[in-house]
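Fold and geometry: a report
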Amino acid sequence: MHLTERHAARDWFPGPGPAPAAGAPRLICFPYAGGTASAYRDWPALLGAPVVAVQPPGRGLRLREPPYTDLDALVSDVTEALLTAGLVRDYVLFGHSMGALVAYEVACTLRERGAPGPRHLFVSGSRAPHLYADRADHALGDEDLRRLVHDLGALAPGDRVAGAYLERRLPVLRADLTACERYRWRPRRPLGCPMTAYSAVGDALAPAPHVEAWRPYTRASLLRRHAAGGHFFLNGPGRRPLLRDLRAELTRTTEEMEPPWTY
């Protein structure tokens, strides 16, 4: 089904749109499973660069739309939306957890479409794509799924507001987990852009060796970072160095930047 028959391109990118910034590429951010574009709402001010946060169906203003349970369909539609909106010129991709997997697949799909590649791909809190499909968290009962979210550090103990929010997000979280667990990586040639891959000390979902396994996915350089915190380190002590690295990439002067990466 064509994009225009399901969702308008603008539905994927809430907010007023990225403010112009001379010489700065835009940062396109993909949310983690169950997450929303609001996870990145303060990043434009913190990074001093234009940020485009992706909002998949089933959350935010798209709450009434059914979420995807097939990652290939999600990738196909969000890629089409990015192309339709003219957002894939001079850009950087970032994704956390499921978002990292989606960002990688979007980069591959853009390559297949003949579009310019990203200047950089940042993957955070995610095992390499070929290491997916070894869990069945989507089949957990509600209580076990709540426990998993708590154990991963997404909610502070006793946080009733966040707990109520989780209750509303359980269906979309389960759909996202289904998409990840049905995903099957297929071998393709490495991407041409540099990559940075982040693991966290206490992350059982994406331990350091599984994040290191991203290295063959680029024929350029891969920088490895190991942050403090758990799976959701981007909301905790690991947030500052992560934002520092992103800001350094996004605010490099035009003279320092290389041409957009080709495949």
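These numbers come from a predicted model, not from an experiment.

**Focus on the confidence of the model for the protein chain**
For the protein chain, the mean per-residue pLDDT works out to 84, and 78% of the residues sit at or above 70. Considering each helix and strand of the protein chain separately, the mean pLDDT is smallest for helix 1 (residues 3–6), with a value of 46, and largest for strand 4 (residues 121–124), with 98. Contacts for the low-pLDDT stretch residues 156–163, under 50 throughout, to residues beyond four places or in other chains number two contacts. Taken as a whole, residues 259–263 scores under 50 in pLDDT and shows 24 contacts with residues more than four places along the chain or in a different chain.

**What about the pattern of salt bridges?**
The full count for this structure, using the stated rule, is 11 salt bridges. Here Asp90 makes a salt bridge to Arg119, at a shortest N to O gap of 2.4 Å. Of this pair, Asp90 sits in the loop between helix 3 (71–84) and strand 3 (91–96) while Arg119 sits in the loop between helix 4 (98–112) and strand 4; the two residues are 29 residues apart in sequence, bridging distant segments of the chain. Judged by its relative accessible area of 27%, Asp90 is partly exposed. A relative accessible area of 11% means that Arg119 is categorised as buried. A salt bridge links Glu112 to Arg186; the shortest N-O distance between them is 3.1 Å. With Glu112 in helix 4 and Arg186 in the loop between helix 6 (160–182) and strand 5 (195–200), this pair connects stretches of sequence that are 74 residues apart. Of the residues examined, Arg186 reaches a relative accessible area of 45% and is grouped as partly exposed. Look at the salt bridges and you will find they share partners, linking Glu212, Arg215 and Arg224 into a network.

The rules behind the values
- Residues numbered from 1 in each chain as written.
- Predicted model: local features only at pLDDT ≥ 70, side-chain atom pairs only at ≥ 80, totals over all residues.
- Heavy atoms only, no water.
- pLDDT = per-residue confidence, 0-100.
- Helix = DSSP H or I, 4+ residues; strand = E, 2+ residues; numbered from the N terminus.
- Contact = heavy atoms within 4.5 Å.
- Salt bridge = Lys/Arg side-chain N within 4 Å of Asp/Glu carboxyl O.
- Buried < 20%, exposed > 50% of the residue type's maximum accessible area, 1.4 Å probe, protein only.

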